[in-house]
Amino acid sequence: AQSVAQPEDQVNVAEGNPLTVKCTYSVSGNPYLFWYVQYPNRGLQFLLKYITGDNLVKGSYGFEAEFNKSQTSFHLKKPSALVSDSALYFCAVRDSGGYQKVTFGTGTKLQVIP
Amino acid sequence: GAGVSQTPSNKVTEKGKYVELRCDPISGHTALYWYRQSLGQGPEFLIYFQGTGAADDSGLPNDRFFAVRPEGSVSTLKIQRTERGDSAVYLCASSLELAGGPDTQYFGPGTRLTVL
């Protein structure tokens, strides 16, 4: 069975500082990995995905994530946080072995403090 | 272009009643997913359609839940004999399922179901 762990319920960071939101995963095959963001009263929005190739993936709004196979991690990062980045972030995984089921983590609330 | 739409946005029903939730995917998207999101949790996979067929329904919690997509576009999630534990936000997503790997899933705003 595949799973995703987001160990932090909430991350607080000062505006302008770098941010990291952690994600680790477990799949039987090779992973497809995703990050989504959810703003209050709005739907989930895609940020970025890792399929294959370069371990550093760049996505929307200046976010990036690094795939680390040995640590089974896919942490989300941004060099300089904005107050408008405050939202709920979800990591998700799908097994590349022909399966369609996507498993989401429980989410991490990011609070950027002015 | 238009995104994924879901109707109704809110549904309040009584325990034991039948409900239908509708999803209109992005035009041309062959893949369609249903998820359920409870408070404080991430979306939980329910079912995946490729075209008209349910390719993976392993996430449906029991036989009170079923979904259809008769023409390969609009999908309806149907819940019979609703229970209070069914209360959640039901999310729909669609994507182009490309041969080279998974395409981005685009989510609708969800239907908030409340069972009294």
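S.K.: Please clarify how the overall build of chain B should be interpreted in this entry.
M.R.: Of the regular secondary structure elements, chain B holds zero helices and 11 strands. Expected size for 116 residues packed as a compact globule is a radius of gyration near 13 Å; at 14 Å, chain B falls within 12% of this value. Principal axes of the C-alpha set define a box for chain B whose edges measure 45 × 25 × 25 Å. Taking contacts inside chain B between residues at least 6 apart in sequence as the whole, the part at least 24 apart equals 53%. Entry remark: accessible area of chain B is about 5400 Å², with carbon and sulfur atoms responsible for 48%. Within chain B, the 12 negative side-chain charges are centred at a point lying 9 Å from the centre of the 11 positive side-chain charges.

S.K.: Help me understand the pattern of salt bridges, please; the structure alone is not making it clear to me.
M.R.: Once their charged atoms are close, side chains differing in charge can pair, the charge on each being opposite to the other. Residue and element names in this part refer to chain B. In total, this model carries seven salt bridges over all chains according to the counting rule given. Note that K78 and E20 form a salt bridge whose closest N and O atoms lie 4.0 Å from each other. Here K78, found in strand β8 (residues 75–79), pairs with E20, found in strand β3 (residues 19–24); they are 58 residues apart in sequence, far enough to count as distant. The class for K78 is buried, based on a relative accessible area of 17%. Among the ionic pairs, D86 bridges to R64, the shortest N-O distance being 2.8 Å.

S.K.: Explanation requested: the nonpolar core in the structure shown.
M.R.: If you look at soluble globular proteins, the nonpolar side chains tend to sit buried side by side. Within the largest apolar cluster, 28 residues are counted, with the highest numbers of intra-cluster contacts made by W35, L47, L48, F74, L76 and Y89 of chain A. Of all the secondary-structure elements, those providing two or more residues to this core are β2 (10–14), β3 (19–21), β5 (31–38), β6 (44–50), β8 (64–68), β9 (73–78), β10 (87–95) and β12 (108–113) of chain A. The dominant element in this core, judged by the number of residues it contributes, is β10 of chain A, at four residues. For F74 of chain A, the residues in contact, after removing those within four places along its chain, are C23, L33, F34, W35, L48, K49, Y50, V57, A65, E66 and F67 of chain A. Of all hydrophobic cores here, the second largest spans 20 residues; its members include L32, F49, A88 and V115 of chain B.

What counts and how
The residue numbering used here restarts from 1 in each chain and proceeds along that chain's sequence as written. In the order they appear in the text, chains get letters beginning with A and ligands get numbers beginning with 1. Local features in this predicted model are restricted to residues whose pLDDT is 70 or higher, and side-chain atom pairs enter the listing and the counts only when it is 80 or higher, whereas totals over whole chains, interfaces and linings include all residues. The basis for every side-chain value is the complete set of heavy atoms in the structure, and neither hydrogens nor water enter the calculation. Secondary structure elements are defined from DSSP: runs of H or I of at least 4 residues count as helices, runs of E of at least 2 residues count as strands, and each element is numbered from the N terminus. As defined in this context, the radius of gyration uses C-alpha atoms, and a globule is described by 2.2 Å times the residue total to the power 0.38. Throughout, a residue-residue contact means that at least one pair of heavy atoms, one from each residue, lies within 4.5 Å. A 1.4 Å probe and the Shrake-Rupley method give the accessible areas. Residues count as covered only by the protein chains that appear here. We treat Lys and Arg as the positive residues and Asp and Glu as the negative residues; His and chain ends play no part in the count. Charge coordinates come from a single atom per side chain, which is NZ of Lys, CZ of Arg, CG of Asp or CD of Glu. The rule for a salt bridge is simple: a side-chain nitrogen of Lys or Arg has to be within 4 Å of a carboxyl oxygen of Asp or Glu. Exposure is judged per residue with a 1.4 Å probe applied to protein chains only, and the accessible area is read against the type maximum: over 50% gives exposed, under 20% gives buried, and values in between give partly exposed. Buried residues of nine kinds, namely Ala, Val, Leu, Ile, Met, Phe, Trp, Tyr and Cys, make up a nonpolar core once their side-chain atoms join them within 4.5 Å.

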